[in-house]
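These are the residues of each chain, in order.
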Amino acid sequence: MNKIFLDHASTTSLHPEVIQLMTKVLSENYGNPSSIHSHGRSAKMIIEKSRKTVARLLHAAPSEIFFMSSATEANNTILKNCVAHLGIDTIISTPTEHPCILRTLEYLTAHHDVKTVLLSVDNNGNIDTEELRSHLEISTASTMVSIMHGNNEIGTIHDIKTIGGLCAQYNRLYHCDAVQTIGKLPIDLNQLNADFLSGSAHKFRGPKGSAFFYVNKKHNLPPYIHGGSQERNMRAGTENTSGIAGLAKALELSLKDPLYAIHVHNLRLHMKEKLLQEFPHIIFNGNQDTMYLPHILSASFPPHAQNSTLLMNLDILGVSVSSASACSAGVETDSHVLQAIGHDPDRKTVRFSFGQESTIEEVDRTVEHITKIYSSHG
Ligand code: PLP
């Protein structure tokens, strides 16, 4: 059975050229980058070269890029550091952020007296930038904004240029979780007015356990993880040389692939059409006409006896997709994102997400499987 992976928003396979480079670095450049001998220096050179590559691709300065283990770590570090060291006591965000933002906000509220303001979102997950403006207008200098670029569940894209512009106008810090868009959409930090931005290699065909954040050079954050002087004191701990090299290579490859966005977008459109033919009452979540991620399709199937076992049945048939619900005390509940957009909990939501290697045949087979699952069980 040929397995089908339509879950590229959760992670991606390593690009063959990334594997090749990482294997070489793992076997040849194993020195500790902090060591001053030649083995150490060659590893250090790889890290600094990778930093330059990432900076060049995002239009930042190399000194503004810091490597770490995950975007979860990056987002935690930025928000907690801003509270601990930049005097932030109010954070404006949205209810549809990734859990690594929302749980951090809950922690900061509970333990550091931070006030969190969650903007309202419409049925497609869009914020109203006028609502943001009205909060910024009455805010003090100890307020910052953390709003993601592309939503990982429903694919809605926020207008981060306008958000960054408003933050700049009111002189407030702006952090952007760009995990779902880095490597997929061009990002120019020169044009963005972002103070902080995070990305994760495993979302763009790089390795897991390798991520980065950007800190605008205006800000001099003190170390958050204490220890050695790695990452210019920001993030102590021996660097993941091969992971960092793999991250930079994957970013370079993904941004120079002109066909990626067209390919995944075509698959998305094709799947939508096929699903609509088979399930006329299906609903697609998030923006559909403009401001959506080309690789994510969130579909809600009408109420049906088979809804609770759909993903399991697809898995048995070799199709990997994501659910947007969690099982709590034996009852399936919609994810926080679906709840925030007022989704009908009796519908079953599946997130299909496409990658470079996904094919039309895989989409067709997946829709056939879903159709059979629903028809064979009444
Ligand atoms: N932010 C968003 C929008 C994500 O989609 C994810 C991962 O799914 C993360 C943050 C966390 O990234 P990582 O897996 O590198 O911790």
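That block above? That's the structure.
Residues numbered from 1 in each chain as written. Predicted model: local features only at pLDDT ≥ 70, side-chain atom pairs only at ≥ 80, totals over all residues. Heavy atoms only, no water.

1. Some words on the site of the ligand
Moving on, step 1. Contacts to the ligand come from 13 residues, most closely from Ala71, Thr72, Asp177, Ser200 and Lys203.
Moving on, step 2. Separating an oxygen atom of the ligand from a side-chain N or O atom of His202 is a distance of 2.9 Å.
Moving on, step 3. Here the ligand has 400 Å² of accessible area as a free molecule, and 87% of this is covered by the chains.
Moving on, step 4. A per-class count over the shell around the ligand returns four nonpolar, seven polar and two charged. (Near = heavy atom within 4 Å. Polar contact = N/O pair within 3.5 Å; in protein donor to acceptor, adjacent residues only side chain to side chain. Areas by Shrake-Rupley, 256 points an atom, 1.4 Å probe, with all protein chains shown as cover. Nonpolar A, V, L, I, M, F, W, Y, C, P; charged D, E, K, R; others polar.)

2. Quick look at the sheet that holds strand β15 (residues 348-353)
Moving on, step 1. Ordered in space as β9-β10-β15-β12, the four strands form an open sheet in which the pairing is antiparallel. The strands lining the two open edges of the sheet, one partner per strand, are β9 (283-285) and β12 (322-323).
Moving on, step 2. The pairing of strand β10 (residues 296-301) with β15 spans six bridges and is antiparallel. The residue bridging Leu297 from the neighbouring strand is Phe352, located in β15.
Moving on, step 3. Contacts from helix α8 (residues 260-278) reach β9, β10 and β15, with the element oriented near 10° to β10. (Pairing = 2+ DSSP bridges. Helix = DSSP H or I, 4+ residues; strand = E, 2+ residues; numbered from the N terminus. Contact = heavy atoms within 4.5 Å. Axes fitted to C-alpha atoms, helices over the stretch in contact; angles between N-to-C directions.)

3. Examining the sheet that holds strand β8 (residues 211-215)
Moving on, step 1. Spatially, β2-β8-β7-β6-β5-β3-β4 is the arrangement adopted by the seven strands of the open sheet, whose pairing is mixed. Looking at which strands have only one partner, the edges of the open sheet turn out to be β2 (65-68) and β4 (115-118). The sheet shows a mean angle of 20° between the axes of neighbouring strands, direction not considered.
Moving on, step 2. Of the strand pairs in this sheet, strand β3 (residues 90-93) and strand β5 (residues 143-146) are connected by three bridges, and their pairing is parallel. Its bridge partner lying in β5, Thr90 is registered against Thr143.
Moving on, step 3. The sheet contacts of helix α2 (residues 38-58) involve β2 and β8, and relative to β2 the element is tilted by about 120°.
Moving on, step 4. The strands touched by helix α5 (residues 129-137) within the sheet are β3, β4 and β5, with β3 carrying the most contacts at an inclination of about 170°.

4. Structural notes on the pairing of β3
Moving on, step 1. Neither face of β3 is exposed, since Thr90 and Ile92 on one face and Ile91 and Ser93 on the opposite face are all buried.
Moving on, step 2. Here four bridges tie β3 to β4, and the two strands are oriented parallel to one another. Pairing of Ser93 across the sheet is with Leu118, part of β4.
Moving on, step 3. Between the parallel elements β3 and β4, the chain passes through helix α4 (residues 99-112) in a crossover that is right-handed. (Buried < 20%, exposed > 50% of the residue type's maximum accessible area, 1.4 Å probe, protein only. Right-handed = clockwise from strand over helix to strand, strands pointing away.)

5. Quick look at the state of the cysteines
Moving on, step 1. If you walk through the whole model with that rule in mind, you get zero disulfides.
Moving on, step 2. You can see Cys82 has no disulfide; the closest cysteine sulfur is in Cys167, sitting 12 Å from it.
Moving on, step 3. We classify Cys82 as buried; its relative accessible area is 0%.
Moving on, step 4. The closest cysteine sulfur to the non-disulfide-bonded Cys176 is located on Cys167, 10 Å from its own sulfur. (Disulfide = S-S within 2.5 Å.)

6. Considerations on the packing of aromatic side chains
Moving on, step 1. Inspection of every chain in the model, using the stated rule, returns four aromatic pairs.
Moving on, step 2. Taking the centre distance of 5.4 Å and the plane angle of 75° together, the rings of Phe279 and Tyr374 count as edge-to-face. Taken together, the positions of Phe279 in the loop between α8 and β9 and Tyr374 in helix α11 (residues 360-376) put the pair 95 residues apart, joining distant regions of the chain. Both residues of the pair, Phe279 and Tyr374, belong to the buried class.
Moving on, step 3. Of note, Lys80 hangs over the ring of Tyr107, and the distance from its end group to the ring centre comes to 4.9 Å. (Phe/Tyr/Trp six-rings, centres within 6.5 Å; stacked < 30°, edge-to-face > 60°. Lys NZ or Arg CZ within 6 Å of the ring centre and 35° of its normal.)

7. So, unusual backbone geometry
Moving on, step 1. Of note, the phi angle at Arg205 is positive, near 70°, even though the residue is not glycine.
Moving on, step 2. Residue position: Arg205 is located in the loop between β7 (196-200) and β8.
Moving on, step 3. The phi dihedral of Arg232 falls on the positive side, at around 45°, and the residue is not glycine.
Moving on, step 4. Of note, Arg232 is situated in the loop between β8 and α7 (241-255).

8. A look at the pattern of salt bridges
Moving on, step 1. Scanning the model with the defined rule gives 14 salt bridges in all.
Moving on, step 2. Note that Lys217 is salt-bridged to Glu64, the shortest N-O span being 3.4 Å. Pair noted here: Lys217 is in the loop between β8 and α7 and Glu64 is in the loop between α2 and β2, with a separation of 153 residues, a long-range link.
Moving on, step 3. You can call Lys217 exposed: its relative accessible area is 59%.
Moving on, step 4. Accessibility expressed as a relative area gives 3% for Glu64, which makes it buried.
Moving on, step 5. Among the charged side chains, a salt-bridge network with shared partners connects Lys44, Glu48, Arg51 and Glu231. (Salt bridge = Lys/Arg side-chain N within 4 Å of Asp/Glu carboxyl O.)

9. A closer look at the environment of Tyr174
Moving on, step 1. Relative to the elements of secondary structure, Tyr174 occurs in strand β6 (residues 173-177).
Moving on, step 2. The class for Tyr174 is buried, based on a relative accessible area of 0%.
Moving on, step 3. Separated by 82 residues in sequence, Tyr174 and Ile92 have C-alpha atoms that sit 9.5 Å apart.
Moving on, step 4. Side-chain polar atoms of Tyr174 contact the backbone oxygen of Ile147, separated by 2.9 Å.

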